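Take a look at the letters that make up each chain.
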Amino acid sequence: MDEVKKVIIGKDECVEKVMGAVLAKGHVLLEDVPGVGKTEMALSFSRAMGIQANRVQFTPDVMPSDITGFSMYHKETESFAYHPGAAMCNLLLADEINRTSPKTQSALLEVMEEGNVTVDGVTREVPKPFIVIATQNPIGFFGTQRLPEAQMDRFLICISMGYPAVEDEIVMLKSRHNEEPLDRVKAVINGGELLEMQGVAENIFVHDNVYRYIVELASQTRAHGLLELGISPRGALAVGRMARAYAFLRGRDFVSPRDVKSAFFDVGVHRIRLSQKARVDGRDAAGVLKEVLDRVREPAAGEKVR
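Position labels on residues start from 1 in each chain and follow its written sequence. In view of the model being predicted, local features appear only for residues whose pLDDT reaches at least 70, and side-chain atom pairs are presented and counted only at 80 or more, with totals across whole chains, interfaces and linings using the full set of residues. Neither water nor hydrogens contribute to the side-chain values; these are computed over all heavy atoms in the structure.

Engineer: Could you give me a rundown of the overall build of the protein, with the residues and numbers involved?
Structural biologist: By the criteria applied, helices consist of DSSP H or I runs no shorter than four residues and strands consist of E runs no shorter than two, each listed in order from the N terminus. Along the protein, the regular secondary structure elements total 12 helices and 11 strands. Computation of the radius of gyration draws on C-alpha atoms, with the globule rule given as 2.2 Å multiplied by the number of residues to the power 0.38. Relative to its length of 306 residues, the protein is compact, with a C-alpha radius of gyration of 20 Å against a globular reference of 19 Å. C-alpha extents for the protein along the principal axes are approximately 70 × 50 × 40 Å. Counting only residues that meet the buried cut, the protein has 48% of its 306 residues in that class. Here a residue-residue contact requires only that any non-hydrogen atoms of the pair lie within 4.5 Å. Summarising the internal contacts of the protein: among those between residues at least 6 apart in sequence, 78% fall at separations of at least 24. Using a 1.4 Å probe on the protein chains alone, a residue whose accessible area is under 20% of its type maximum counts as buried, one over 50% counts as exposed, and one in between counts as partly exposed.

The structure is reproduced here in structure tokens:
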């Protein structure tokens, strides 16, 4: 994270969230206006982790085969040979994912969920670890295709970076006066070490009361009057995975309710859908999730399992 912060200045919380998603073996959707550093965030992580990264700039003419790969007939051998697509890497940067067709967007569904691509009936595994960091611009809707709920659900978290503070922007301008900060990012781990870290995070202890807390939070979103769509069971699983990653980053071998709260917003904000009444009243997803957190009682330390 310190290596990434050489490039991403003043956004320590965003860096921690992306690192948490990576440890939780999840994918990240960065939703923000152009020019705030979304692409540099992804590139910085790929360099600091010493893993292979591919970048796809999504446009309407990008085809599913550009992602999954394709088979080409070779006259010399009289056989078809597989040519890997962009997904055959450790970190796939999907820039402006909502500017391509739904058919191409759907090419990512299998690889994001199962870590495989299927071409001409043959299923191939992508390298491990595998992470997708996608970006989209929430302002310019001209020429964009809205991501369906099924695909949004594949992203572990959805975050916005926002504009930097004045002092941070001054530091950023100075740091780029005569050099490229990305060139200073060094690989401090490799893919094998990242897999080990993911394994440790996956085995962080979760008490039954914390499991119940996660389920009650998810259930409240499904019953909330201002929501048409609540957090799915996959979303509840995602909260647990992200909470374990936060516990790992905070130096603990168990999940606390604080970790769940930290994960709840970024895991849930893109999985819920506001009702018509909520939109008319000017409510937002984050505000509704805050209500849910206030409604559900946090389990106390030492409390017996209910």
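Engineer: Report on the nonpolar core, specifying residues and quantitative values.
Structural biologist: What we call a nonpolar core is a set of buried Ala, Val, Leu, Ile, Met, Phe, Trp, Tyr and Cys residues that are connected through their side-chain atoms within 4.5 Å. Membership of the largest hydrophobic core comes to 66 residues, with the highest contact counts inside it found for Val-18, Met-41, Met-49 and Val-260. No other element matches helix H9 (residues 233-249), which puts eight residues into this core. The residues contacting Met-49, other than those within four sequence positions of it, are Val-22, Leu-91, Ile-131, Ile-189, Asn-190, Gly-191 and Leu-194. In this structure, Ile-97, Ala-107, Met-112 and Val-132 belong to the second largest nonpolar core, which totals 27 residues.

Engineer: Lay out the side chain of Asn-116 in plain terms, naming residues and giving numbers.
Structural biologist: Looking at where Asn-116 falls in the secondary structure, it is placed in strand E6 (residues 116-119). Ignoring any residue separated from it by four or fewer positions in sequence, one finds Asn-116 in contact with Glu-110, Val-111, Thr-123, Arg-124 and Glu-125.

Engineer: Report on the pattern of salt bridges, specifying residues and quantitative values.
Structural biologist: In the sections that follow, a salt bridge refers to a side-chain nitrogen of Lys or Arg positioned within 4 Å of a carboxyl oxygen of Asp or Glu. All chains considered together, the criterion is met by 22 salt bridges. Linking Arg-55 and Asp-95 is a salt bridge whose minimum nitrogen-to-oxygen distance equals 2.8 Å. With Arg-55 in strand E2 (residues 53-57) and Asp-95 in strand E5 (residues 91-95), this pair connects stretches of sequence that are 40 residues apart. The exposure class of Asp-95 is buried, given its relative accessible area of 4%. Each of the salt bridges in this network shares a partner with another, and the network as a whole consists of Glu-113, Asp-153, Arg-154, Arg-234 and Arg-271.

Engineer: Could you give me a rundown of the sheet that holds E5, with the residues and numbers involved?
Structural biologist: Across the sheet, which stays open at both edges, the five strands sit in the order E2-E5-E8-E1-E9 with parallel pairing between neighbours. Only two strands of the sheet have a single neighbouring strand rather than two, namely E2 and strand E9 (157-159). On average, each strand axis in the sheet is tilted by 15° relative to the strand beside it, whichever way the strands run. Here, a strand pair is defined by DSSP locating no fewer than two bridges between the strands. Pairing geometry for strand E1 (residues 28-31) and strand E8 (residues 131-136), over four bridges, is parallel. All axes are obtained by fitting lines to C-alpha atoms, using only the stretch in contact for helices, and the reported angles, taken between N-to-C directions, cover 0 to 180 degrees.

Engineer: Any chance you could break down the packing of aromatic side chains for me, citing the residues and the numbers?
Structural biologist: Each pair of aromatic rings taken from Phe, Tyr and Trp, with Trp reduced to its six-membered ring, is defined by centres within 6.5 Å and is described as stacked if the planes are under 30 degrees apart, edge-to-face if over 60, and tilted in the remaining cases. Enumeration over the complete set of coordinates arrives at two aromatic pairs. Placement of a positive charge over a ring is assigned whenever Lys NZ or Arg CZ falls within 6 Å of the ring centre and within 35 degrees of the normal to the ring plane. The ring of Tyr-246 carries Arg-250 above its face, with NZ or CZ at 4.8 Å from the centroid. Looking at Arg-252, its charged tip hangs above the ring of Phe-254, at a distance of 5.3 Å from the centre.

Engineer: Can you lay out the environment of Ile-133 for me, pointing to particular residues and giving the numbers?
Structural biologist: Structurally, Ile-133 can be placed in strand E8. Under the relative-accessibility criterion, Ile-133 is labelled buried at 1%. Between the alpha carbons of Ile-133 and Val-18 there is a distance of 9.0 Å; along the sequence they are 115 residues apart. Look past the residues within four positions of Ile-133 in its chain and what remains in contact with it is Val-18, Val-28, Leu-30, Ala-42, Leu-91, Leu-92, Leu-93 and Ala-94.

Engineer: Which residues make up the pairing of E1, and what values go with them?
Structural biologist: In this structure, E1 lies alongside E9, joined through three bridges in parallel fashion. Each bridged residue has a counterpart across the sheet, and for Leu-29 the counterpart in E9 is Cys-158.

Engineer: Let's hear about the side chain of Thr-135: which residues, and what values?
Structural biologist: By the secondary structure assignment, Thr-135 is in strand E8. We call two N or O atoms a polar contact when they sit within 3.5 Å, provided that within protein one can donate a hydrogen and the other can accept it, with sequence-adjacent residues counted only if both atoms are side-chain atoms. Only 2.8 Å separates the side chain of Thr-135 from the side chain of Asp-95, close enough to count as a polar contact. In this structure the side chain of Thr-135 is engaged in a polar contact, spanning 2.9 Å, whose partner is the backbone nitrogen of Glu-96. Each residue touching Thr-135, except ones within four places of it in the same chain, is listed here: Leu-29, Leu-30, Lys-38, Leu-93, Ala-94, Asp-95, Glu-96 and Ile-97.

Fair warning: the whole summary comes from geometry, so function is off the table for now.
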